[in-house]
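The residues making up each chain are set out below.
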Amino acid sequence: MIITLDGPAGAGKSSAARALAARLGWCYMDTGAMYRAVTLVALERGIPLDDSPRMAALAEQIRIDFRAGRVLVDDRDVSTEIRTARITAATRPVADAPPVREAMKRIQRRMAAGLDIVTEGRDQGSVVFPQAEVKVFVTASPEERARRRHREEEARGSGMTLADVLAAQAERDAGDRCRAVGAMRAADDAVILETDGLTPEQVVDRLVALIEARRGPRGPA
Ligand code: C5P
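Residues numbered from 1 in each chain as written. Predicted model: local features only at pLDDT ≥ 70, side-chain atom pairs only at ≥ 80, totals over all residues. Heavy atoms only, no water.

When you go through the chain residue by residue, the secondary structure sums to nine helices and eight strands. In terms of overall size, the chain behaves like a compact globule, its C-alpha atoms giving a radius of gyration of 17 Å where 221 residues would be expected to give roughly 17 Å. Principal-axis analysis of the C-alpha atoms places the extent of the chain at approximately 55 × 40 × 30 Å. Of all 221 residues assigned to the chain, the portion counted as buried reaches 47%. One finds the centroid of the 34 positive side-chain charges in the chain at a distance of 2 Å from the centroid of its 33 negative side-chain charges. (Helix = DSSP H or I, 4+ residues; strand = E, 2+ residues; numbered from the N terminus. Rg over C-alpha atoms; globule rule 2.2 N^0.38 Å. Buried < 20%, exposed > 50% of the residue type's maximum accessible area, 1.4 Å probe, protein only. Lys, Arg positive; Asp, Glu negative; His and termini not counted. Charge placed at Lys NZ, Arg CZ, Asp CG, Glu CD.)

You can see Arg 86 is positioned in helix H4 (residues 85-96). By relative accessible area, which is 56% here, Arg 86 ends up exposed. Remark: the alpha-carbon pair of Arg 86 and Leu 40, spanning 46 residues in sequence, is separated by 9.5 Å.

One non-glycine residue, Ala 68, lies in the positive phi region at around 50°. With respect to the secondary-structure elements, Ala 68 resides in the loop between strand E3 (64-67) and strand E4 (70-73). For Asp 75, which is not a glycine, the phi torsion comes out positive at approximately 70°.

Ordered by their spatial adjacency, five strands build an open sheet running E2-E6-E1-E7-E8, and the pairing between neighbours is parallel. The outermost strands of the open sheet, each flanked by one partner alone, are strand E2 (27-30) and strand E8 (191-194). Strand-to-strand, the axes of this sheet are offset by a mean angle of 20°, without reference to chain direction. Packing against the sheet, helix H2 (residues 31-45) makes contact with E2 and strand E6 (117-121), and its axis sits at approximately 50° to E2. (Pairing = 2+ DSSP bridges. Axes fitted to C-alpha atoms, helices over the stretch in contact; angles between N-to-C directions. Contact = heavy atoms within 4.5 Å.)

Glancing now at the sheet that holds strand E5 (residues 76-77). As summarised here, the arrangement of the three strands in space is E3-E4-E5, forming an open sheet in which the pairing is antiparallel. Two strands in the sheet have a free side with no partner beyond their single neighbour: E3 and E5. In this structure, E3 lies alongside E4, joined through four bridges in antiparallel fashion. Opposite Ile 64, over in E4, you have Val 73 as the bridge partner. On the sheet, H2 packs against E3, E4 and E5 and is oriented at approximately 130° with respect to E3.

Time to look at the site of the ligand. Every one of the 16 residues lining the ligand counts as a neighbour, but Arg 36, Arg 101, Asp 123, Arg 172 and Asp 176 are closest to it. Taking Arg 101, its side chain carries an N or O atom lying 2.7 Å from an oxygen atom of the ligand. In the model, an oxygen atom of the ligand is placed 2.5 Å from a nitrogen or oxygen of the Asp 176 side chain. Expressed as a share of its isolated accessible area of 450 Å², the protein-covered part of the ligand is 95%. Mapped onto the shell around the ligand, the elements with two or more residues apiece are H2, H4 and helix H8 (162-178). Sorting elements by how many residues they give to the shell around the ligand places H2 first, with four residues. A breakdown of the residues in the shell around the ligand according to their chemical character gives two nonpolar, five polar and nine charged. Three or more residues apiece are contributed to the shell around the ligand by two domains, here domain 1 (1-26 + 116-221) and domain 2 (31-114). (Near = heavy atom within 4 Å. Polar contact = N/O pair within 3.5 Å; in protein donor to acceptor, adjacent residues only side chain to side chain. Areas by Shrake-Rupley, 256 points an atom, 1.4 Å probe, with all protein chains shown as cover. Nonpolar A, V, L, I, M, F, W, Y, C, P; charged D, E, K, R; others polar. Domains from an automatic or database assignment.)

Under the domain assignment, the chain is made up of domain 1 (1-26 + 116-221) and domain 2 (31-114). At the junction of the two partners, domain 1 supplies 16 residues and domain 2 supplies 14 residues. Roughly 1,300 Å² of surface becomes buried between domain 1 and domain 2 when both sides are summed, with 49% attributable to carbon and sulfur atoms. Here domain 1 and domain 2 share three salt bridges between them. Between Glu 171 and Arg 92 there is a salt bridge, with the nearest N and O atoms lying 3.6 Å from each other. Counting every contact that joins domain 1 to domain 2 gives six residue pairs in polar contact (both at pLDDT 80 or more). Listing elements by their share of the side of domain 1 that touches domain 2, those giving two or more residues are E6, helix H6 (124-128) and H8. It is E6 that contributes the most residues to the side of domain 1 that touches domain 2, four residues altogether. (Buried area = accessible area lost by both parts, 1.4 Å probe. Salt bridge = Lys/Arg side-chain N within 4 Å of Asp/Glu carboxyl O.)

In structure tokens, the structure reads:
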């Protein structure tokens, strides 16, 4: 069974996806981390990020794994490196390139084949797994998302103000919504989950309830 969680950054999607996969004992795929990982390796190897055929080929060459909450590229743990501001900025145009998105779609379908999996991103329910049994678009108000992201930035000591975070977020959202291929949008049959005022545990509870409603009542234990 496949559950897709799409939505903007800061809506609580990633932590919910990870916690949900852990609670269900299912696999987990963070597709944003995949775009980030390809970008990181391209920078290390001197591959021009705007050479989208080479970038797509690179995506096919490297092996990305999600293990125990970490992101591995060819068995190297890149979890921290892919989250820097430099990689965040460099990844955006890479993720806009149609050949890269095509390659990612193939890879993501291959990785999910035959598994019970929680997959998260921007286009998982709308493009990559249109047949997914449960599709959720996780969102929250811009202010709530910015407050959450600002708390993370403060913890990292980045010095960004709430206004900086809001401005960067608005720019990023516009880019995600407007890309020609794979734009962020809720699939027509997605459930919209607003997370304003919900704790992470409550978000996971709602997701579990959606899955159970889809699977039908469980038999006796
Ligand atoms: O979610 P995260 O911030 O890690 O995503 C990294 C980058 O990859 C973002 O620029 C996002 O727009 C892009 N992305 C994408 N399609 C996905 C997941 C992420 O284009 N399915």
